[in-house]
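# Coordinate analysis (summary)
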Amino acid sequence: TAIGLLAAVVLGSCSSGRVVRSERADDASASTIGEVPMVGASGRIAFDVSAAGLPDIFVMDGDGGSPVQLTNTPNVTEEQPDWSPDGTRIVFGVSVEGSSNLWVMRADGTDAIQLTTTGGRGAAWSPDGARIAYENLGALWVMNADGTNPMQITAEGGYFGPAWSPDGKRLICN
């Protein structure tokens, strides 16, 4: 399978995990690996792959073995996963007909719940796991990890890709 042929290569580091690149041993046109796969506290890698159309969330061991598909919702884009600091949960974006929101699930793909209803994508857990930063309509937002108390922290203006400082006091973004 396409996932079985992935090999993860650690390239560097970022605030919420190590940045990895996925390479295929066969025809690269068969699947598309998502933006930035993330390594969790356990060393497992979360990533999205478009193997049969729209992206779905997968996890695999740090050595590239034992890939497991966590999501597979027809006609829905599930992408941009990020691990909770303790490695027990994954926040990810879900897009349906152009509307994107954030969801969270257990690391095994169970108990998925919707966190936002007014938009959101590109999420990043705070180092203590209490908050999630995300982008919505070009602005940065922060909410509690359970989806409560969303607060816009920047004006709209093309902000994306939030990442927390190691002490959780600051955010950096593109």
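These lines cover the structure that appears in this document, whether it is placed above or below. (Residues numbered from 1 in each chain as written. Predicted model: local features only at pLDDT ≥ 70, side-chain atom pairs only at ≥ 80, totals over all residues. Heavy atoms only, no water.)

When you go through the chain residue by residue, the secondary structure sums to zero helices and 17 strands. Of all 174 residues assigned to the chain, the portion counted as buried reaches 45%. Restricting the contact set of the chain to residue pairs at least 6 apart, pairs at least 24 apart contribute 27%. Total accessible area on the chain stands at roughly 8,700 Å², and carbon and sulfur atoms take up 52% of it. (Helix = DSSP H or I, 4+ residues; strand = E, 2+ residues; numbered from the N terminus. Buried < 20%, exposed > 50% of the residue type's maximum accessible area, 1.4 Å probe, protein only. Contact = heavy atoms within 4.5 Å. Areas by Shrake-Rupley, 256 points an atom, 1.4 Å probe, with all protein chains shown as cover.)

V91, L102, V104, L115, A123, W125, I132, Y134, A139, W141, M143 and A145 form the largest nonpolar core, which has 12 residues in total. Here this core takes three residues from strand β14 (residues 139-144), the largest share from any one element. Excluding residues that lie within four positions of it along the chain, W125 makes contacts with D82, W83, S84, P85, R89, V91, V104, R131, I132, A145 and W164. Formed by 11 residues, the second largest nonpolar core is a distinct cluster that contains A46, V76, V94 and M105. (Core = buried A, V, L, I, M, F, W, Y, C linked by side-chain atoms within 4.5 Å.)

Attention shifts here to the pattern of salt bridges. A complete count under the given rule lists three salt bridges for this structure. As a salt-bridge pair, R44 and D61 come within 2.6 Å of each other at their nearest N and O atoms. Here the residue R44 occupies a position in the loop between β4 (38-39) and β5 (45-50), and D61 occupies one in the loop between β6 (56-60) and β7 (68-69), the gap between them amounting to 17 residues. Exposure remark for R44: the relative accessible area of 24% places this residue in the partly exposed category. A salt bridge links E79 to R121, with the shortest nitrogen-to-oxygen separation between them at 3.5 Å. Taken together, the residues E79 in strand β8 (residues 77-83) and R121 in strand β12 (residues 121-125) connect sequence positions 42 residues apart. Accessibility expressed as a relative area gives 15% for E79, which makes it buried. R121 sits in the partly exposed class, given a relative accessible area of 29%. (Salt bridge = Lys/Arg side-chain N within 4 Å of Asp/Glu carboxyl O.)

A few words on unusual backbone geometry. If you check the backbone angles, E97 has positive phi at about 50 degrees while not being a glycine. Topologically, E97 is positioned in the loop between β9 (89-96) and β10 (99-106). Here E97 falls in the exposed class, since its relative accessible area comes to 82%. At D111, a residue that is not glycine, the phi angle is positive and equals roughly 55 degrees. Looking at where D111 falls in the secondary structure, it is placed in the loop between β10 and β11 (113-114).

This next bit is on the sheet that holds strand β13 (residues 131-136). Strand order across the open sheet formed by four strands is β12-β13-β14-β15, with antiparallel pairing between neighbours. Either end of the sheet is taken by a strand with one partner, and the two such strands are β12 and β15 (151-152). (Pairing = 2+ DSSP bridges.)

Quick look at the pairing of β8 now. Judged by how many residues are buried, β8 sits mostly within the fold: seven of seven residues are covered. Both β8 and β9 contribute to a ladder of five bridges, which runs antiparallel. By the bridge assignment, E78 is partnered in β9 with V94. The hairpin turn running from β8 into β9, its antiparallel successor, is five residues long, and G87 in that turn takes a positive phi close to 75 degrees.

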